[in-house]
Amino acid sequence: MKNLEELKKIREKVRKSLEMRSGDFQVKIVVCLGTCGIAAGARQTMNRFAELIAQSGRTDLIISTTGCAGFCEQEPMIKIQEKGKEPVTYGKVDVQAAEEIFHQHVLQGQVVNQYLFTKGE
Amino acid sequence: MKTIADHLFDILENSVNAQANKIVVKLSFNNKIFSCQIRDNGIATNLEDVTDPFVTSRKTRKVGLGLPLLKATVEATGGYLEIVPLRKKSGTKVKFNINMNHIDARPFGDLAAVFTDALLSWPEVDFEIRIVNHKQEKKILDTVDLKKDLQTDQLNNIEIQDYIKKYLQDELIKIGINQQFGD
(Lines give C-alpha, C1' and ligand atoms only; values in the text may rest on other atoms or scores of the structure.)
Protein backbone atom coordinates (compact mmCIF):
# COMPACT_ATOMS: atom_id res chain seq x y z
CA MET A 1 0.00 0.00 0.00
CA LYS A 2 2.79 2.39 0.87
CA ASN A 3 4.06 2.72 -2.64
CA LEU A 4 4.69 6.43 -2.30
CA GLU A 5 5.15 7.24 -5.96
CA GLU A 6 1.87 5.61 -6.90
CA LEU A 7 0.06 7.25 -4.03
CA LYS A 8 1.39 10.66 -5.02
CA LYS A 9 0.18 10.20 -8.57
CA ILE A 10 -3.27 9.21 -7.41
CA ARG A 11 -3.34 12.10 -4.98
CA GLU A 12 -2.73 14.57 -7.79
CA LYS A 13 -5.47 13.07 -9.90
CA VAL A 14 -7.93 13.05 -7.03
CA ARG A 15 -7.18 16.66 -6.23
CA LYS A 16 -7.93 17.66 -9.78
CA SER A 17 -11.20 15.78 -9.88
CA LEU A 18 -12.23 17.26 -6.55
CA GLU A 19 -11.51 20.75 -7.77
CA MET A 20 -13.75 20.13 -10.75
CA ARG A 21 -16.59 18.79 -8.67
CA SER A 22 -19.08 21.58 -8.17
CA GLY A 23 -20.48 20.12 -4.95
CA ASP A 24 -23.96 20.28 -6.40
CA PHE A 25 -25.40 17.35 -8.32
CA GLN A 26 -27.64 17.31 -11.34
CA VAL A 27 -28.57 13.63 -11.25
CA LYS A 28 -28.39 11.23 -8.34
CA ILE A 29 -28.47 7.49 -8.99
CA VAL A 30 -29.68 5.55 -5.96
CA VAL A 31 -28.98 1.81 -5.96
CA CYS A 32 -30.87 -0.52 -3.59
CA LEU A 33 -28.29 -2.66 -1.82
CA GLY A 34 -30.30 -4.81 0.56
CA THR A 35 -29.85 -8.57 0.77
CA CYS A 36 -32.27 -8.97 -2.13
CA GLY A 37 -30.48 -6.43 -4.30
CA ILE A 38 -27.06 -7.92 -3.61
CA ALA A 39 -28.31 -11.42 -4.44
CA ALA A 40 -29.79 -10.11 -7.70
CA GLY A 41 -26.50 -8.50 -8.76
CA ALA A 42 -26.93 -4.88 -7.66
CA ARG A 43 -23.20 -4.47 -7.03
CA GLN A 44 -22.46 -5.11 -10.67
CA THR A 45 -25.15 -2.59 -11.61
CA MET A 46 -23.67 0.00 -9.26
CA ASN A 47 -20.16 -0.58 -10.60
CA ARG A 48 -21.33 -0.13 -14.17
CA PHE A 49 -22.89 3.21 -13.25
CA ALA A 50 -19.65 4.24 -11.54
CA GLU A 51 -17.66 3.38 -14.67
CA LEU A 52 -20.12 5.17 -16.93
CA ILE A 53 -19.98 8.27 -14.77
CA ALA A 54 -16.17 8.22 -14.83
CA GLN A 55 -16.15 7.76 -18.62
CA SER A 56 -18.61 10.60 -19.14
CA GLY A 57 -16.30 13.00 -17.33
CA ARG A 58 -19.32 14.60 -15.71
CA THR A 59 -18.73 15.79 -12.17
CA ASP A 60 -22.36 16.54 -11.34
CA LEU A 61 -23.56 12.92 -11.30
CA ILE A 62 -23.46 11.00 -8.04
CA ILE A 63 -24.19 7.50 -6.83
CA SER A 64 -25.86 6.79 -3.57
CA THR A 65 -27.20 3.61 -1.98
CA THR A 66 -30.16 2.55 0.07
CA GLY A 67 -31.54 -0.66 1.56
CA CYS A 68 -34.40 -2.92 0.57
CA ALA A 69 -37.40 -1.03 -0.81
CA GLY A 70 -39.81 -3.90 -0.21
CA PHE A 71 -40.16 -5.01 -3.83
CA CYS A 72 -37.50 -7.70 -3.78
CA GLU A 73 -38.75 -9.42 -6.92
CA GLN A 74 -37.91 -6.25 -8.87
CA GLU A 75 -34.26 -6.17 -7.83
CA PRO A 76 -31.83 -4.82 -8.82
CA MET A 77 -33.78 -1.60 -8.36
CA ILE A 78 -32.49 1.91 -8.85
CA LYS A 79 -33.91 5.39 -8.52
CA ILE A 80 -32.92 8.26 -10.77
CA GLN A 81 -33.29 11.63 -9.12
CA GLU A 82 -32.93 14.56 -11.46
CA LYS A 83 -32.71 17.93 -9.80
CA GLY A 84 -36.13 19.58 -9.66
CA LYS A 85 -37.93 16.58 -11.13
CA GLU A 86 -39.90 13.69 -9.73
CA PRO A 87 -37.73 10.65 -9.01
CA VAL A 88 -38.11 7.65 -11.31
CA THR A 89 -37.69 4.09 -10.08
CA TYR A 90 -36.55 1.27 -12.35
CA GLY A 91 -36.71 -2.47 -11.73
CA LYS A 92 -34.64 -5.42 -12.92
CA VAL A 93 -31.72 -3.19 -13.80
CA ASP A 94 -28.92 -5.48 -14.89
CA VAL A 95 -25.67 -4.20 -16.38
CA GLN A 96 -27.15 -3.79 -19.83
CA ALA A 97 -30.22 -1.99 -18.52
CA ALA A 98 -27.88 0.26 -16.54
CA GLU A 99 -26.16 1.30 -19.77
CA GLU A 100 -29.45 2.10 -21.49
CA ILE A 101 -30.77 4.04 -18.53
CA PHE A 102 -27.51 5.95 -18.19
CA HIS A 103 -27.40 7.04 -21.81
CA GLN A 104 -31.08 7.81 -22.22
CA HIS A 105 -32.20 9.01 -18.83
CA VAL A 106 -29.18 10.23 -16.90
CA LEU A 107 -27.55 11.98 -19.85
CA GLN A 108 -30.61 12.95 -21.91
CA GLY A 109 -33.46 13.10 -19.42
CA GLN A 110 -35.70 10.59 -21.21
CA VAL A 111 -37.42 7.92 -19.12
CA VAL A 112 -36.71 4.37 -20.33
CA ASN A 113 -40.15 2.75 -20.26
CA GLN A 114 -38.87 -0.78 -20.67
CA TYR A 115 -37.50 -0.91 -17.13
CA LEU A 116 -39.82 1.61 -15.51
CA PHE A 117 -41.24 0.55 -12.16
CA THR A 118 -42.82 3.72 -10.83
CA LYS A 119 -42.63 7.49 -11.01
CA GLY A 120 -42.66 9.67 -7.92
CA GLU A 121 -41.73 8.77 -4.34
CA MET B 1 -26.14 -15.35 -3.16
CA LYS B 2 -23.80 -16.64 -5.82
CA THR B 3 -20.53 -16.02 -4.05
CA ILE B 4 -18.97 -15.57 -0.64
CA ALA B 5 -18.18 -12.03 -1.75
CA ASP B 6 -21.92 -11.30 -2.00
CA HIS B 7 -22.48 -12.66 1.51
CA LEU B 8 -19.64 -10.58 2.90
CA PHE B 9 -20.99 -7.42 1.32
CA ASP B 10 -24.38 -8.19 2.81
CA ILE B 11 -22.91 -8.57 6.30
CA LEU B 12 -21.08 -5.24 5.91
CA GLU B 13 -24.40 -3.68 4.97
CA ASN B 14 -25.88 -4.97 8.24
CA SER B 15 -23.13 -3.15 10.11
CA VAL B 16 -23.75 0.08 8.22
CA ASN B 17 -27.46 -0.25 8.93
CA ALA B 18 -26.62 -0.56 12.60
CA GLN B 19 -24.97 2.89 12.35
CA ALA B 20 -21.43 1.56 12.45
CA ASN B 21 -18.77 3.98 11.23
CA LYS B 22 -15.83 1.66 11.72
CA ILE B 23 -15.64 -1.94 10.53
CA VAL B 24 -12.68 -4.24 11.01
CA VAL B 25 -12.48 -7.37 8.85
CA LYS B 26 -10.03 -10.20 9.52
CA LEU B 27 -9.48 -12.87 6.90
CA SER B 28 -7.52 -16.08 6.86
CA PHE B 29 -7.25 -19.08 4.58
CA ASN B 30 -5.47 -22.15 5.88
CA ASN B 31 -5.84 -25.76 4.78
CA LYS B 32 -8.80 -24.79 2.62
CA ILE B 33 -10.65 -23.31 5.59
CA PHE B 34 -11.68 -19.74 4.95
CA SER B 35 -12.27 -17.81 8.11
CA CYS B 36 -13.70 -14.35 8.33
CA GLN B 37 -14.38 -12.07 11.25
CA ILE B 38 -16.24 -8.77 11.02
CA ARG B 39 -16.25 -6.38 13.96
CA ASP B 40 -18.22 -3.17 13.94
CA ASN B 41 -19.05 -0.38 16.36
CA GLY B 42 -22.73 -0.21 15.48
CA ILE B 43 -25.69 -0.66 17.74
CA ALA B 44 -25.95 -4.30 18.76
CA THR B 45 -29.64 -5.01 18.60
CA ASN B 46 -31.25 -8.05 20.09
CA LEU B 47 -28.97 -10.71 18.69
CA GLU B 48 -30.93 -13.72 19.81
CA ASP B 49 -32.37 -15.64 16.89
CA VAL B 50 -30.99 -13.32 14.20
CA THR B 51 -30.42 -16.35 12.03
CA ASP B 52 -34.16 -16.97 12.12
CA PRO B 53 -35.54 -15.48 8.86
CA PHE B 54 -38.55 -14.10 10.72
CA VAL B 55 -36.45 -11.96 13.00
CA THR B 56 -35.34 -8.56 11.73
CA SER B 57 -34.76 -5.09 13.13
CA ARG B 58 -36.24 -3.59 10.00
CA LYS B 59 -39.70 -2.08 10.02
CA THR B 60 -40.60 -2.27 6.32
CA ARG B 61 -40.80 -6.05 6.22
CA LYS B 62 -41.12 -8.83 8.72
CA VAL B 63 -38.41 -11.07 7.30
CA GLY B 64 -34.64 -10.70 7.14
CA LEU B 65 -32.64 -13.07 5.04
CA GLY B 66 -29.04 -11.89 5.18
CA LEU B 67 -27.78 -13.88 8.15
CA PRO B 68 -30.00 -16.96 7.60
CA LEU B 69 -28.67 -17.23 4.04
CA LEU B 70 -25.07 -16.91 5.23
CA LYS B 71 -25.76 -19.54 7.89
CA ALA B 72 -27.06 -21.93 5.24
CA THR B 73 -24.04 -21.32 2.98
CA VAL B 74 -21.60 -21.78 5.85
CA GLU B 75 -23.23 -24.85 7.37
CA ALA B 76 -23.57 -26.56 4.00
CA THR B 77 -19.77 -26.92 4.10
CA GLY B 78 -19.62 -28.05 7.72
CA GLY B 79 -18.55 -24.61 8.88
CA TYR B 80 -20.06 -22.42 11.57
CA LEU B 81 -21.42 -18.93 12.01
CA GLU B 82 -21.18 -17.05 15.26
CA ILE B 83 -22.67 -13.67 16.15
CA VAL B 84 -21.58 -12.02 19.36
CA PRO B 85 -22.46 -8.64 20.83
CA LEU B 86 -19.36 -6.80 22.03
CA ARG B 87 -19.77 -6.09 25.71
CA LYS B 88 -17.05 -3.55 26.47
CA LYS B 89 -17.68 -1.27 23.54
CA SER B 90 -20.89 -1.22 21.62
CA GLY B 91 -20.87 -3.24 18.45
CA THR B 92 -21.16 -6.72 17.02
CA LYS B 93 -18.76 -9.43 15.98
CA VAL B 94 -19.71 -11.84 13.23
CA LYS B 95 -17.44 -14.78 12.59
CA PHE B 96 -17.74 -17.60 10.11
CA ASN B 97 -15.72 -20.50 8.78
CA ILE B 98 -16.21 -22.13 5.42
CA ASN B 99 -14.60 -25.31 4.17
CA MET B 100 -13.70 -24.42 0.58
CA ASN B 101 -12.89 -28.04 -0.17
CA HIS B 102 -16.48 -29.10 0.44
CA ILE B 103 -18.54 -30.04 -2.59
CA ASP B 104 -21.25 -27.54 -1.56
CA ALA B 105 -18.90 -24.57 -1.08
CA ARG B 106 -19.67 -21.43 -3.07
CA PRO B 107 -16.84 -19.76 -4.97
CA PHE B 108 -15.13 -16.79 -3.33
CA GLY B 109 -16.04 -14.27 -6.01
CA ASP B 110 -14.15 -10.99 -6.01
CA LEU B 111 -13.50 -10.29 -2.33
CA ALA B 112 -11.34 -7.27 -3.16
CA ALA B 113 -14.27 -5.70 -5.00
CA VAL B 114 -16.43 -6.13 -1.89
CA PHE B 115 -14.28 -3.58 -0.12
CA THR B 116 -14.04 -1.12 -2.98
CA ASP B 117 -17.82 -1.42 -3.45
CA ALA B 118 -18.17 -0.73 0.24
CA LEU B 119 -16.04 2.42 -0.05
CA LEU B 120 -18.17 3.53 -2.99
CA SER B 121 -21.45 2.77 -1.21
CA TRP B 122 -20.68 4.12 2.23
CA PRO B 123 -17.97 6.79 1.99
CA GLU B 124 -18.53 7.83 5.60
CA VAL B 125 -17.60 4.40 7.02
CA ASP B 126 -13.98 3.53 7.78
CA PHE B 127 -12.65 0.06 7.08
CA GLU B 128 -9.69 -1.86 8.31
CA ILE B 129 -8.73 -5.15 6.68
CA ARG B 130 -6.34 -7.61 8.26
CA ILE B 131 -4.98 -10.88 6.98
CA VAL B 132 -4.02 -13.58 9.43
CA ASN B 133 -1.49 -16.03 8.07
CA HIS B 134 0.08 -18.66 10.34
CA LYS B 135 -0.82 -16.63 13.43
CA GLN B 136 0.82 -13.52 11.97
CA GLU B 137 -1.55 -10.65 11.56
CA LYS B 138 -0.96 -8.04 8.90
CA LYS B 139 -3.02 -4.94 8.26
CA ILE B 140 -3.51 -4.59 4.53
CA LEU B 141 -5.89 -1.66 4.39
CA ASP B 142 -6.80 1.11 6.77
CA THR B 143 -8.96 3.81 5.27
CA VAL B 144 -8.14 6.23 8.09
CA ASP B 145 -4.44 6.06 7.13
CA LEU B 146 -5.22 6.08 3.45
CA LYS B 147 -7.34 9.22 3.76
CA LYS B 148 -4.42 10.89 5.55
CA ASP B 149 -1.93 9.77 2.90
CA LEU B 150 -4.12 10.92 0.06
CA GLN B 151 -5.13 14.10 1.89
CA THR B 152 -8.77 13.61 1.09
CA ASP B 153 -11.89 12.31 2.80
CA GLN B 154 -13.29 10.97 -0.42
CA LEU B 155 -12.18 7.51 -1.42
CA ASN B 156 -15.19 6.99 -3.68
CA ASN B 157 -13.15 7.91 -6.70
CA ILE B 158 -12.65 5.43 -9.50
CA GLU B 159 -8.84 5.81 -9.68
CA ILE B 160 -8.43 5.17 -5.96
CA GLN B 161 -10.86 2.26 -6.15
CA ASP B 162 -8.96 0.59 -8.98
CA TYR B 163 -5.71 1.00 -7.11
CA ILE B 164 -7.12 -0.45 -3.88
CA LYS B 165 -8.84 -3.29 -5.71
CA LYS B 166 -5.65 -4.40 -7.48
CA TYR B 167 -3.66 -4.09 -4.31
CA LEU B 168 -6.15 -6.16 -2.29
CA GLN B 169 -6.41 -8.81 -5.02
CA ASP B 170 -2.63 -9.23 -4.90
CA GLU B 171 -2.63 -9.55 -1.13
CA LEU B 172 -5.46 -12.10 -1.18
CA ILE B 173 -3.77 -14.19 -3.86
CA LYS B 174 -0.71 -14.38 -1.60
CA ILE B 175 -2.70 -16.43 0.92
CA GLY B 176 -4.39 -18.48 -1.81
CA ILE B 177 -7.70 -16.64 -2.10
CA ASN B 178 -8.64 -16.41 -5.76
CA GLN B 179 -12.11 -15.91 -7.23
CA GLN B 180 -12.88 -19.63 -7.31
CA PHE B 181 -12.30 -22.04 -4.44
CA GLY B 182 -8.79 -21.02 -3.47
CA ASP B 183 -5.37 -22.53 -4.07
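Please refer to the structure placed before this passage.
None of these values were measured; they are calculated from a predicted model.

> What am I meant to see in the overall build of chain B here?
Within chain B, the secondary structure is distributed over five helices and six strands. Along chain B, from the amino end to the carboxyl end, the secondary structure elements read α-β-β-α-β-β-α-β-β-α-α. A burial count over chain B gives 51% of its 183 residues as buried. Across chain B, contacts joining residues at least 24 apart in sequence account for 62% of those joining residues at least 6 apart.

> Quick question: what am I supposed to make of the interface of chain A and chain B here?
Many analyses report the size of an interface as the accessible area lost when the parts associate. With 28 residues of chain A at the interface, the matching set in chain B holds 31 residues. Surface buried jointly by chain A and chain B totals about 2800 Å² across both partners, of which 58% is contributed by carbon and sulfur atoms. Our enumeration of links across chain A and chain B arrives at two salt bridges. Among the ionic pairs, B:Asp117 bridges to A:Arg43, the shortest N-O distance being 2.9 Å. Of all the secondary-structure elements, those providing two or more residues to the side of chain A that touches chain B are helix 1 (4–20), helix 2 (35–40) and helix 3 (42–56) of chain A.

> What's the story with the pairing of strand 3 (residues 81–85) of chain B in this structure? I'm lost.
As a general feature of sheets, a regular strand has side chains that alternate between the two faces. Residues and elements named next belong to chain B. Judged from the five bridges that link them, strand 3 and strand 4 (residues 92–99) form a sheet pairing that is antiparallel. Along strand 4, the bridge assignment pairs Ile83 with Val94. Hairpin connection from strand 3 to strand 4: six residues lie between these consecutive antiparallel strands, with Gly91 at a positive phi of about 140 degrees.

> How do you make sense of the nonpolar core when you look at a structure like this?
Note that soluble globular proteins tend to have their nonpolar side chains buried in a common cluster. If you look at the biggest cluster of nonpolar residues, it comprises 80 residues, and the most contacted ones within it are A:Tyr90, B:Leu12, B:Ile23, B:Phe34, B:Ile38, B:Phe96 and B:Leu168. In contact with A:Tyr90, other than residues within four places in its own chain, are A:Pro76, A:Met77, A:Ile78, A:Ile80, A:Ile101, A:His105, A:Gln110, A:Val111, A:Val112, A:Tyr115, A:Leu116 and A:Phe117.

What counts and how
Residues numbered from 1 in each chain as written. Chains lettered and ligands numbered in written order. Predicted model: local features only at pLDDT ≥ 70, side-chain atom pairs only at ≥ 80, totals over all residues. Heavy atoms only, no water. Helix = DSSP H or I, 4+ residues; strand = E, 2+ residues; numbered from the N terminus. Buried < 20%, exposed > 50% of the residue type's maximum accessible area, 1.4 Å probe, protein only. Contact = heavy atoms within 4.5 Å. Buried area = accessible area lost by both parts, 1.4 Å probe. Salt bridge = Lys/Arg side-chain N within 4 Å of Asp/Glu carboxyl O. Pairing = 2+ DSSP bridges. Core = buried A, V, L, I, M, F, W, Y, C linked by side-chain atoms within 4.5 Å.

Any link to function would need more than the numbers given here.
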